[in-house]
Amino acid sequence: MTTEATNKCTIIDGKKTAATIRQELKEEIESLAQSHNGIVPGLAVVLVGNRVDSATYVRMKKKAAVEIGIHSIDVTLPITISQQDLKAEIEKLNQDPKVHGILVQLPLPEHIKESEILMAIDYTKDADGFSARNIGNMWLGRGTGDPPLAIPCTPAGCIDLLQRYEIDITGKECVVLGRSNIVGMPVAALLQSCNGTVTVCHSRTKNIPEIIGRADILIAAIGKPEYVRGEWLKPGVVIVDVGINDKPDATKKRGYRLVGDVHYDEALQKASAITPVPGGVGPMTIAMLMKNTVNLCRHSLGLPRLTLRNKIHRSLSHRDFVHTTIHTTPDAAAANGTN
Ligand SMILES: Nc1nc(=O)c2c([nH]1)NC[C@@H]1CN(c3ccc(C(=O)N[C@@H](CCC(=O)O)C(=O)O)cc3)C=[N+]21
């Protein structure tokens with residue numbers, strides 16, 4: 001219809017934001033080396049087997065690390081490795097003082113018990129923040145647990161994008177689509193920490209379109225291409241689309257293109273802001289992994305986690321671990337206060 005008013009929708013640029021964060025981290029790493037005897041943060045990336053997608057992601061992570069001055073330690077293991085041998089490899093990394101962060105690329109081969117491997121990573125080196133202790137501390141209220149040492153990267157990236165685009169979470173109806181351990185559950189914890197009112201939808205939820213229709217902020221993470229339709233959405237909703245799905249497309253060289261969990265073109269007509277796929281949450285995930293690595297390195301030196309800028313601080317929650325923007329000097333962080 002030509003008479004329909006056109007909607008103004010901000011495209012949230014994850015690619016550009018992630019580049020800004022990596023630049024901030026690069027400067028932080030340089031100043032850390034100066035104040036701490038040339039220290040270099042080290043990230044070990046463990047890849048088991050030869051899944052093409054995993055190999056691509058691991059390559060992207062290594063490249064990002066090297067570019068900002070993180071020492072990247074590559075551990076590539078055969079798909080046939082035993083549970084015990086894989087645990088022994090992780091134990092070696094736990095003991096290695098050059099390694100501040102350890103990431104085991106998921107999914108692992110079927111014969112490996114994933115939870116047991118994640119548990120084998122030293123809590124102080126858990127770069128993904130997937131350990132039960134980290135996740136538990138995320139859910140605990142202020143003063144009743146330690147702040148987590150690392151925040152799961154994709155959820156942290158979602159919140160950081162909202163903050164950097166000055167989208168306030170306080171009092172908002174936040175709907176999370178998906179309840180996975182790596183996205184849905186932790187992003188729900190973060191949104192609640194930022195004073196959002198959170199509803200988590202999953203495969204047994206009744207009336208998903210109706211619940212989505214209430215959302216001021218929608219985080220879509222179910223891995224179903226273009227699942228969320230425009231007509232479900234409340235006008236003005238902010239959409240963070242975590243899905244990265246292949247969709248057959250004969251016009252593309254690869255034979256497919258990437259789409260999110262939200263029907264992007266339809267959503268553009270309703271939303272006030274949206275993250276695209278690609279170029280949205282994906283690059284932020286990697287930037288947050290770099291940030292966790294720097295924070296774990298800082299922790300090993302007895303320094304506090306990087307905190308947020310004062311400007312964004314006001315819109316934030318009472319829980320200091322949610323702070324996702326960084327200061328370049330710990331002194332500045334202390335002066336601004338982290339609570
Ligand atoms: N232990 C562990 N930690 C992870 O963080 C982890 C993992 N395992 N397993 C797999 C998922 C996936 N993941 C992505 C990272 C970057 C992009 C990314 O940068 N995507 C680009 C597009 C890339 C393309 O063109 O394929 C974008 O969205 O713009 C996507 C996905 C991290 N993961």
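Values in this document were obtained by computation on a predicted structure and should not be read as measured data.

**Some points on the UniProt feature "domain: Tetrahydrofolate dehydrogenase/cyclohydrolase NAD(P)-binding" (unreviewed entry) in the protein chain**
Following the UniProt record, the feature "domain: Tetrahydrofolate dehydrogenase/cyclohydrolase NAD(P)-binding" (unreviewed entry) maps to residues 152-298 here. The straight-line gap between the two end C-alpha atoms of residues 152-298 is 17 Å; of that span, 34% is helix and 19% is strand.

**Concerning helix 1 (residues 14-35)**
The terminal C-alpha atoms of helix 1, which comprises 22 residues, lie 31 Å apart, in line with the 32 Å expected from a rise of 1.5 Å per residue. Residues of helix 1 that are buried include every one of G14, T17, A18, I21, E24, L25, E28, I29 and L32, and no others. Taken end-on, helix 1 shows its buried residues confined to a sector of 145°, consistent with a single buried face. The exposed set on the far side of helix 1, more than 90 degrees from its buried face, consists of K15, K16 and Q34. On the buried face of helix 1, the contacting elements are helix 2 (52-68), helix 6 (153-164) and helix 10 (281-300). The opening residue of helix 1, the one whose side-chain oxygen lies 3.1 Å from the backbone nitrogen of K15, is D13. Taken from the residues just after helix 1, N37 is the one with a positive phi, measuring 60°.

**Things to note about the packing of helix 6 against helix 10**
Where helix 6 contacts helix 10, the two axes come as close as 8 Å, and the packing angle between them is 110°. The angle between helix 6 and helix 10 places the two elements in the roughly perpendicular class. Listed contacts from helix 10 to C153, T154, A156, G157, C158, D160 and L161 of helix 6 are V281, M284, T285, M288, L289 and N292. Classifying every residue of the contact of helix 6 with helix 10 gives 8 nonpolar, 4 polar and 1 charged.

**Thoughts on the packing of aromatic side chains**
Evaluated as defined, the whole model comprises 1 aromatic pair. For the ring pair Y227 and W232, a centre distance of 5.4 Å and an interplane angle of 80° mean the geometry is edge-to-face. We note R133 situated over the ring of Y123; from NZ or CZ to the ring centre the distance is 3.8 Å.

**A closer look at the domain arrangement of the protein chain**
Each domain of the protein chain was delimited in the assignment, giving domain 1 (37-125) and domain 2 (153-282). Computed over C-alpha atoms, the centres of domain 1 and domain 2 are 28 Å apart.

**Overview of the site of the ligand**
Contacts to the ligand come from 16 residues, most closely from V104, Q105, L106, D128 and G279. Interatomic distance of 2.8 Å between a backbone N/O atom of V104 and a nitrogen atom of the ligand. Backbone polar atom of P283 to an oxygen atom of the ligand: 3.4 Å apart, as the coordinates give it. Where the shell around the ligand is concerned, the elements lending two or more residues are helix 2, strand 4 (101-104) and helix 10. In terms of residues, the shell around the ligand owes the most to one element, helix 10, which gives 4 residues. Per-class residue counts for the shell around the ligand are 10 nonpolar, 4 polar and 2 charged. Shared between two domains, the shell around the ligand holds at least three residues of each, these being domain 1 (37-125) and domain 2 (153-282).

**A look at the UniProt feature "domain: Tetrahydrofolate dehydrogenase/cyclohydrolase catalytic" (unreviewed entry) in the protein chain**
The sites that UniProt annotates as "domain: Tetrahydrofolate dehydrogenase/cyclohydrolase catalytic" (unreviewed entry) are residues 12-128. Each end of residues 12-128 is marked by a C-alpha atom, and these two atoms are 24 Å apart; helix forms 50% of the span and strand 15%.

**Considerations on the pairing of strand 5 (residues 173-177)**
Strand residues, when the strand is regular, have side chains that alternate between the two faces of the sheet. Burial of strand 5 is extensive: 4 of the 5 residues sit out of reach of the surface. Both strand 5 and strand 6 (residues 197-201) contribute to a ladder of 5 bridges, which runs parallel. Each bridged residue has a counterpart across the sheet, and for V175 the counterpart in strand 6 is T199. For the crossover from strand 5 across helix 7 (residues 184-193) to strand 6, the handedness is right-handed. Sheet topology note: the strand 5/strand 7 (residues 217-220) ladder contains 4 bridges and is parallel. Bridged to V175 within strand 7 is L218.

**Details of the packing of helix 2 against helix 10**
Two numbers describe how helix 2 lies on helix 10: the axes approach to 10 Å, and their chain directions differ by 50°. It follows from the interaxial angle that helix 2 and helix 10 lie oblique. Of the two possible hands of crossing, helix 2 and helix 10 adopt the one that is right-handed. Residues M60, K61, A64, A65 and I68 of helix 2 lie in contact with helix 10, whose contacting residues are I286, L289 and M290. Residue composition of the contact of helix 2 with helix 10, by class: 7 nonpolar, no polar and 1 charged.

**Some thoughts on the side chain of T293**
With respect to the helices and strands, T293 occurs in helix 10. Not counting residues up to four positions away in its chain, the partners in contact with T293 are P41, G42, L43, I70, H100 and A127.

Here is what the cut-offs are and how they apply
Residue numbering note: each chain is counted from 1, following its sequence as written. Where local features are concerned, this predicted model is filtered to residues with pLDDT of at least 70; where side-chain atom pairs are given and counted, the filter is 80 or more; whole-chain, interface and lining totals use all residues. The side-chain numbers reported here are obtained from all heavy atoms of the structure, hydrogens and water having been left aside. UniProt positions are given in the numbering used here, feature names are shortened, and annotations may be inferred rather than shown by experiment. Secondary structure counts use DSSP, requiring at least four H or I residues in a row for a helix and at least two E residues in a row for a strand, with both numbered from the N terminus. Any helix carries an expected span of 1.5 Å times its number of residues minus one. Think of it in three bands: residues with accessible area under 20% of the maximum for their type are buried, residues over 50% are exposed, and the middle band is partly exposed, with areas taken using a 1.4 Å probe on protein chains only. Arc, as used here, means the arc of the directions from the helix axis to the C-beta atoms. Here, two residues are considered to be in contact whenever any of their heavy atoms come within 4.5 Å of each other. Think of a polar contact as two N or O atoms within 3.5 Å of one another; within protein, one of them needs to be a possible hydrogen donor and the other a possible acceptor, and neighboring residues in sequence only count if both atoms come from side chains. Structural elements are reduced to axes, namely lines fitted to C-alpha atoms, with helices fitted over the stretch in contact, and the angle between N-to-C directions of any two is expressed from 0 to 180 degrees. If an angle is under 35 degrees, it is roughly parallel; if it is over 145, roughly antiparallel; if it lies from 65 to 115, roughly perpendicular; otherwise it is oblique. Any residue that is not Ala, Val, Leu, Ile, Met, Phe, Trp, Tyr, Cys, Pro, Asp, Glu, Lys or Arg is counted as polar, Gly included; the first ten are nonpolar and the last four charged. Within 6.5 Å between ring centres, the rings of Phe, Tyr and Trp (the latter by its six-membered ring) count as paired, and their orientation is classed by plane angle as stacked under 30 degrees, edge-to-face over 60, tilted in between. Each ring is checked for a lysine NZ or an arginine CZ that lies within 6 Å of its centre and within 35 degrees of its normal; such an atom marks a charge sitting over the ring. Each domain's limits were defined by an automated method or a database of domain assignments. Put simply, a residue is near a molecule or strand once any heavy atom of it comes within 4 Å of that molecule or strand. A strand pair is defined by DSSP finding two or more bridges across the two strands. By convention a crossover is right-handed if, when the strands point away from the viewer, the path from the first strand over the helix to the second runs clockwise. Less than a right angle of anticlockwise turn of the near helix away from the far helix marks a crossing as left-handed, whereas a clockwise turn marks it as right-handed.

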